[in-house]
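# Remarks on the overall topology
Take a look at the letters that make up each chain.
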Amino acid sequence: MDTTITNILLVGVGGQGILLASEILSEAFMLAGFDVKKSEIHGMSQRGGSVVSHVRFGKEVFSPVVPEGQGDILFGFELLETYRYLSLLKPGATVVANDYKIAPPSILLGQAVYPQALPEKIKAKFPDFLLVDGQGLALKAGDVRAANTVMLGAVSKRLQIADGVWQQALEKMVPKKALEINLKAFEFGRGL
Amino acid sequence: MKEILSGNEAIARGAYEAGCLVASAYPGTPSTEILENVINYKEINASWAPNEKVALEVAIGASFGGARALSCMKHVGVNVAADPLFTASYTGVKGGLVLIAADDPEMHSSQNEQDSRNYAKFAKVPMLEPADSAECKEFTKLAFELSEQFDTPVMLRSCTRISHGKSVVELGERVTGLPTPKLVKDAPKLVMLPGNARVRHPLVEERTLKLSDYGSSAAINRMELHSSEIGVICAGVTYQYVREALPDASVLKLGMVWPLPHALIREFAAKVKQLFVVEELDPFIEDQVKAMGIACQGKELTTLCGELSPGRIQAAFAKAGIIKVAASEVIAAEPVPPRPPNMCPGCPHRGVFYQLNRANAYVTGDIGCYTLGFMPPLNAMDTCVCMGASISMGSGMVRALPPEEQKRVVAVIGDSTFLHTGINSLMEMAWNKAPATVIILDNRITAMTGRQENPASGFTLAGEETSEVNIPELCRVLGIKHVRVVDPYDLDATRLAIEEEMNRPEPSVIITNRPCCLIKGAGRFEKGKILEVDQGKCTGCKACLRIGCPAIEWKPNPDGNKGKAFIDPQLCTGCTVCQQLCKFNAIGGRK
Ligand SMILES: Cc1ncc(C[n+]2csc(CCOP(=O)(O)OP(=O)(O)O)c2C)c(N)n1
Ligand code: SF4
Ligand code: SF4
């Protein structure tokens, strides 16, 4: 039996829509015929805390949590959070990050500064790194709130799943009135 | 049809398919979404209760009336509901009665990590523990059946990873043909006075033996035989971790964690050379297996604290020399500034904590979004034990203190928490004349757990309009003479109220009246005028930073001069609290 499991981590800040993004991903894997498990912690994380969502797919998935150091793909919605969770990845993993910064409390209060040159630092550790202008491309698609969908599009290229499946998953998970913009945002991401 | 469901969605689906008619719960992470999904099934009468004891009693009542009934809560909720639970164990049920307890190992969102399995043993009711969403649905259905078959409430234990994890579930139909609920007089079974209870208790003990036998042949407890070198007994999400961490091991997967299937455990133990129990938190299964006289290892290897994971299990087994694992390379990133949760921009709680800090209050706190008031820069909460404890602890604390210290004691509690278990405490405080000050932060919702309605919010779980508790009147009726309502966005009025009531040598209550910023709808939160910092007038004094609003950012000046504050127009809600702190009139409406 093929026991390969692909481990995806979605990281960012509470309120960025990470739950929905990981739900669309999971839906796509299920539609493509895989076993899927997904796990995340919500609760206090709603209040702007750091959020990690785990999505795993393969023929048969046991643990809903990605084992330490086994992540294949890190999907970062915010730069600092992307950097924070690099240790969850295995060497040679793929990192796709949104070029977007949200300052945590210590930085807002002027007690710390936002670390410099994070994209370069990430690239040095994980050469398969893609920096995405999520907000910019989403705006081009018609709504800045579709930034996550741009990211999904960018990640989708790294996953062997048929085009039609992604479309189906988006149709099921995205509210009707936002669908057109999101499909466009997805295509922009996929084109990167 | 297949769907990806969370454990909580699957439990709700299971209740629906089982023909459940009544469901009652009090929110609490990670259990909250169960009832929020049950309400989507029109066949079930689902509602929030003010607390878990009430929720369980609502379900017990429905069960005695002949309906299948569900109650859900987080682990600590079972403490509140323990009183009815222990005696419902004696009465047994009419319609099936299921209690979901959602544990939180690792305390992702809780004040302790108690292990609910102990309650099943203590109250002598069976407990099922699902290992994924598909089992959440199946076990919930089975729980209703077992409840009726064995005449007992049945507990189902979930945990954060199961409740909030998602996996694939095959949906089924709702059962039909259940008996119609009706009133039946049955005092020997339902009136638990000593004479009747003495008859019921031996039945409970017999029931446990029968359930243990049932467990030895039931499909929910199963052996998965692989290598005979290592055998592992496990249940719930830990089963998933074990399968991944120890793929060659034989496994006894328990679906019923109390009572244990003694015969099956003996059979499994005989098949393997070395027996282990892998379980999160307490050595609950391990202690019982050892008491059966069977040699096994458990907490010698794994921790009593926090969650397990495949990695932690592998590391523990490797450390004990039982397995070998190849060292995996981890690419470490340098530490970066932490990102703790914070109250939202414009949260009505913020100004109150700012003024409590300035008033040098000693704050007996409580549980809700406002617990974040303990964090810097507000630093204005000094205790937090359990829901409702703020008022009673404040009332006790003043009795211990000399008069000059008594003044400083202020209990702070949210509206939902006050209605949950704060009312009794306030009654005590008034009755016994404890001169503490109480602040009820009425943001008109149960915000912390994701904005559930409560008895003072004016709506039911189904979104229907209903009666509202009048909190100021309630405080007066409880015997508090000094009750005042204050606008928490008005910093001066808030400070004045806090100072005056702290100085009053009598019990008093201050109630705030601004809604949570995340509740939308008529009569609820409305954004004010978005503010900005006039960069010409800002002197860089940092006064506005002292409230810790996430919309205000300090921008250091690259040429070494003083930096300036900046307001993110996307985040600001226009609450004006920062504006009131600026002595230089630098903060005003955005042009
Ligand atoms: C016994 C128990 N039940 C449930 C919870 C989960 N819980 C924590 S705070 C809270 C309610 C908070 O609401 P409120 O007091 O109105 O404060 P807010 O979050 O709105 O500021 C709940 C349900 C708990 N910690 N303990
Ligand atoms: S959710 Fe509401 S109560 Fe909680 S921090 Fe945000 S504004 Fe405050
Ligand atoms: S007015 Fe000031 S304190 Fe209120 S939300 Fe806006 S920036 Fe934050």
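For every chain, the first residue of the written sequence is number 1, and numbering continues from 1 along that sequence. Both sets of labels track the order of writing: A upward for chains, 1 upward for ligands. Residue-level local features of this predicted model are given only where pLDDT is at least 70; pairs of side-chain atoms are given and counted only at 80 or more, and the full residue set underlies all totals for whole chains, interfaces and linings. Hydrogen atoms and water are omitted, and side-chain values are computed over all heavy atoms in the structure.

Looking up chain B in an unreviewed UniProt entry gives the name Indolepyruvate oxidoreductase subunit IorA, with the organism given as Trichlorobacter thiogenes. Here chain B is described in UniProt, under the heading Subunit (unreviewed entry), as follows: "Heterodimer of the IorA and IorB subunits." A UniProt comment under Catalytic activity (unreviewed entry) is attached to chain B, and it reads "indole-3-pyruvate + 2 oxidized [2Fe-2S]-[ferredoxin] + CoA = (indol-3-yl)acetyl-CoA + 2 reduced [2Fe-2S]-[ferredoxin] + CO2 + H(+)". UniProt positions are given in the numbering used here, feature names are shortened, and annotations may be inferred rather than shown by experiment.

As recorded by an unreviewed UniProt entry, chain A carries the name Indolepyruvate ferredoxin oxidoreductase beta subunit and is attributed to Trichlorobacter thiogenes.

Right, let's get into the interface of chain A and chain B. Residue contacts are counted whenever heavy atoms from the two residues lie within 4.5 Å of one another. On the chain B side, the residues contacting the 51 residues of chain A number 52 residues. Buried area is a sum: the accessible area each of two parts loses on coming together, probed at 1.4 Å, counted once for each and added. Taking both partners together, chain A and chain B bury about 4,500 Å²; carbon and sulfur atoms supply 60% of that area. By salt bridge we mean one thing: a side-chain nitrogen of Lys or Arg within 4 Å of a carboxyl oxygen of Asp or Glu. Of the charged contacts in the structure, one is a salt bridge between Glu 81 of chain A and Arg 339 of chain B, with a shortest N-O distance of 2.5 Å. Elements with a contribution of two residues or more to the side of chain A that touches chain B: α1 (18-31), β2 (35-40), β3 (50-58), α2 (79-84), α3 (105-108) and α4 (118-125) of chain A. Helical segments are the DSSP runs of H or I of at least four residues, strand segments are the runs of E of at least two, and each set is numbered from the N terminus. Broken down by element, the residue count for the side of chain A that touches chain B peaks at six residues, all from β2 of chain A. Here a strand pair is declared whenever DSSP counts at least two bridges between the two strands. Of the strand pairs in this sheet, β2 of chain A and strand β8 (residues 166-170) of chain B are connected by two bridges, and their pairing is antiparallel. Following the sheet pairing, Lys 38 of chain A is matched in β8 of chain B by Lys 166 of chain B.

Residue and element names in this part refer to chain B. Surrounding ligand 1, one finds 26 residues, the nearest of these being Glu 52, His 349, Cys 369, Asp 415 and Thr 417. In this structure, Ser 416 approaches ligand 1 through a main-chain N or O atom, which is 3.0 Å from an oxygen atom. Throughout, the Shrake-Rupley method with a 1.4 Å probe supplies accessible areas, and for residues the shown protein chains are the sole cover considered. Protein contact buries 98% of the 580 Å² of open area that ligand 1 shows by itself. Within the residue set of the shell around ligand 1, elements represented by two or more residues are α4 (75-91) and α17 (415-431). Classes in brief: Ala, Val, Leu, Ile, Met, Phe, Trp, Tyr, Cys and Pro nonpolar; Asp, Glu, Lys and Arg charged; the others, Gly included, polar. Among the residues making up the shell around ligand 1, the classes are represented as 11 nonpolar, 12 polar and three charged. Domain boundaries shown here were taken from an automatic or database domain assignment. Mapping the shell around ligand 1 onto the domain boundaries places at least three of its residues in each of domain 1 (2-217) and domain 3 (350-512). Note on terminology: near, applied to a residue and a molecule or strand, indicates that one of the residue's heavy atoms is within 4 Å of it. Think of a polar contact as two N or O atoms within 3.5 Å of one another; within protein, one of them needs to be a possible hydrogen donor and the other a possible acceptor, and neighboring residues in sequence only count if both atoms come from side chains.

All names here are of chain B. Given a helix with a known number of residues, its expected span is that number minus one, times 1.5 Å. Over its 12 residues, helix α15 (residues 389-400) runs 16 Å from end to end, which matches the ideal 16 Å to within 8%, given 1.5 Å per residue. Buried means the residue's accessible area, taken with a 1.4 Å probe over protein chains only, is under 20% of the maximum for its type, while exposed means over 50%, and partly exposed covers the values in between. Taken together, the buried positions of α15 are occupied by Ala 389, Ser 390, Ile 391, Gly 394, Ser 395 and Val 398. Those residues of α15 that are buried lie in contact with β14 (362-364), α16 (403-406), β15 (409-414), α17 and β16 (437-441).

Okay, the UniProt feature "binding site: [4Fe-4S] cluster 1" (unreviewed entry) in chain B next. Residues and elements named next belong to chain B. Under the UniProt annotation, the feature "binding site: [4Fe-4S] cluster 1" (unreviewed entry) is placed at Cys 538, Cys 541, Cys 544 and Cys 582. Across 45 residues, the annotated set stays spatially compact, with a maximum C-alpha separation of 10.4 Å. Relative to the assigned elements, Cys 541 resides in the loop between β19 (531-533) and β20 (552-555). With respect to the element layout, Cys 544 can be found in the loop between β19 and β20. In contact with Cys 544, not counting residues within four places along its chain, are Ile 552, Ala 565, Cys 578, Leu 581 and Ile 587.

Aromatic rings from Phe, Tyr and Trp, with only the six-membered ring used for Trp, were paired whenever their centres fell within 6.5 Å, and each pair was classed as stacked if the ring planes differed by under 30 degrees, edge-to-face if by over 60, and tilted otherwise. Applying the stated criterion across every chain, the model contains 10 aromatic pairs over all chains. Their ring planes at 15° and their centres at 4.5 Å tell us that Tyr 16 of chain B and Tyr 41 of chain B sit as a pair that is stacked. Of this pair, Tyr 16 of chain B sits in helix α1 (residues 7-17) while Tyr 41 of chain B sits in the loop between α2 (33-38) and β3 (45-48), and the two are 25 residues apart along the sequence. The class for Tyr 16 of chain B is buried, based on a relative accessible area of 14%. Through a chain of ring-to-ring contacts, three or more aromatic side chains come together here, namely Phe 29, Phe 34, Phe 57, Trp 166 and Phe 186 of chain A.

Residues and elements named next belong to chain B. Here four strands make up an open sheet; going across it, the order is β9-β11-β10-β13 and the pairing mixed. Pairing within the sheet leaves two strands with one partner each, and these edge strands are β9 (222-224) and β13 (274-277). Across the sheet, the mean angle from the axis of one strand to that of its neighbour is 20°, orientation sign disregarded. Of the strand pairs in this sheet, β9 and strand β11 (residues 249-254) are connected by three bridges, and their pairing is antiparallel. The residue of β11 that forms the bridge with Glu 224 is Val 251. Axes here refer to lines fitted to C-alpha atoms; in helices the fit is confined to the stretch in contact. Angles between the N-to-C directions go from 0 to 180 degrees. Taken strand by strand, helix α10 (residues 236-245) contacts β9, β10 (227-235) and β11, and its axis lies near 155° from that of β10.

With that out of the way, let us pick up the sheet that holds β16 of chain B. All names here are of chain B. Reading across from one edge, β14-β15-β16-β18-β17 is the order of the five strands in this open sheet, with parallel pairing throughout. The sheet is open, and its two borders are formed by β14 and β17 (482-486), each paired with just one other strand. Ignoring which end each strand starts from, the neighbouring axes of this sheet average 25° apart. As judged from the five bridges shared by β17 and strand β18 (residues 508-512), these two strands associate in the parallel manner. Pairing of Val 483 across the sheet is with Val 509, part of β18. Across the face of the sheet, α15 comes into contact with β14, β15 and β16 while running at roughly 170° to β15.

Turning our eyes to something else, we now look at the pairing of strand β7 (residues 154-159) of chain B. Residues and elements named next belong to chain B. Counting buried positions over the six residues of β7 gives six, a clear majority of the element. As paired strands, strand β5 (residues 97-103) and β7 are joined by six bridges and run parallel to one another. What sits directly across from Ala 102, in β7, is Ser 158. The sheet contact formed by strand β6 (residues 127-128) and β7 spans two bridges and is parallel. Across the sheet, residue Leu 128 finds its bridge partner in β7, namely Leu 156. Every crossover in which the path from the first strand over the helix to the second runs clockwise, viewed with the strands pointing away from the viewer, is termed right-handed. In this fold, β6 hands off to helix α6 (residues 133-150), which returns the chain to β7; that crossover is right-handed.

This part covers the UniProt feature "binding site: [4Fe-4S] cluster 2" (unreviewed entry) in chain B. Residue and element names in this part refer to chain B. UniProt feature "binding site: [4Fe-4S] cluster 2" (unreviewed entry): in the numbering of this structure it lies at Cys 549, Cys 572, Cys 575 and Cys 578. Taking the farthest pair of C-alpha atoms as the criterion, the annotated set spanning 30 residues converges on one region, since that pair is 10.5 Å apart. On the secondary structure map, Cys 572 appears in the loop between β21 (564-567) and α20 (577-581). Once residues lying within four places of it in the same chain are set aside, the contact partners of Cys 572 are Lys 527, Ile 530, Leu 531, Ala 551 and Ile 567. Looking at the element boundaries, Cys 578 is found in helix α20. If we skip the residues at most four places from it in the chain, Cys 578 touches Leu 531, Cys 544, Ile 547, Ile 552, Ile 567 and Ile 587.

In this section: the pairing of strand β1 (residues 5-13) of chain A. All names here are of chain A. Of all the nine residues making up β1, eight are buried; the element is thus mostly covered by neighbouring parts of the structure. Pairing of β1 with β3, which is carried by nine bridges, proceeds in the antiparallel orientation. Note on β3: the bridge partner recorded for Asn 7 is Arg 56. With four bridges connecting them, β1 and strand β4 (residues 71-76) associate as parallel partners. The residue of β4 that forms the bridge with Leu 9 is Leu 74.

Before going further, it helps to spend a moment on the site of ligand 3. Around ligand 3, the structure places 14 residues, and the nearest of them are Cys 549, Cys 572, Cys 575, Thr 576 and Cys 578 of chain B. Classifying every residue of the shell around ligand 3 by side-chain character gives 10 nonpolar, four polar and no charged.

All names here are of chain B. The nonpolar core is taken to be a set of buried Ala, Val, Leu, Ile, Met, Phe, Trp, Tyr and Cys residues, with the residues joined through side-chain atoms within 4.5 Å. Grouped together as the largest cluster of nonpolar side chains are 71 residues, with contacts concentrated most on Phe 353, Leu 356, Phe 418 and Leu 426. A domain split of this core shows at least three residues from each of domain 3 (350-512) and domain 4 (531-589). If we skip the residues at most four places from it in the chain, Phe 418 touches Ile 391, Ile 413, Ile 423, Leu 426, Ile 440, Ile 471, Leu 474, Cys 475 and Leu 478. Core analysis: the second largest hydrophobic core is formed by 65 residues, Ala 25, Ile 100, Leu 156 and Ile 162 among them.

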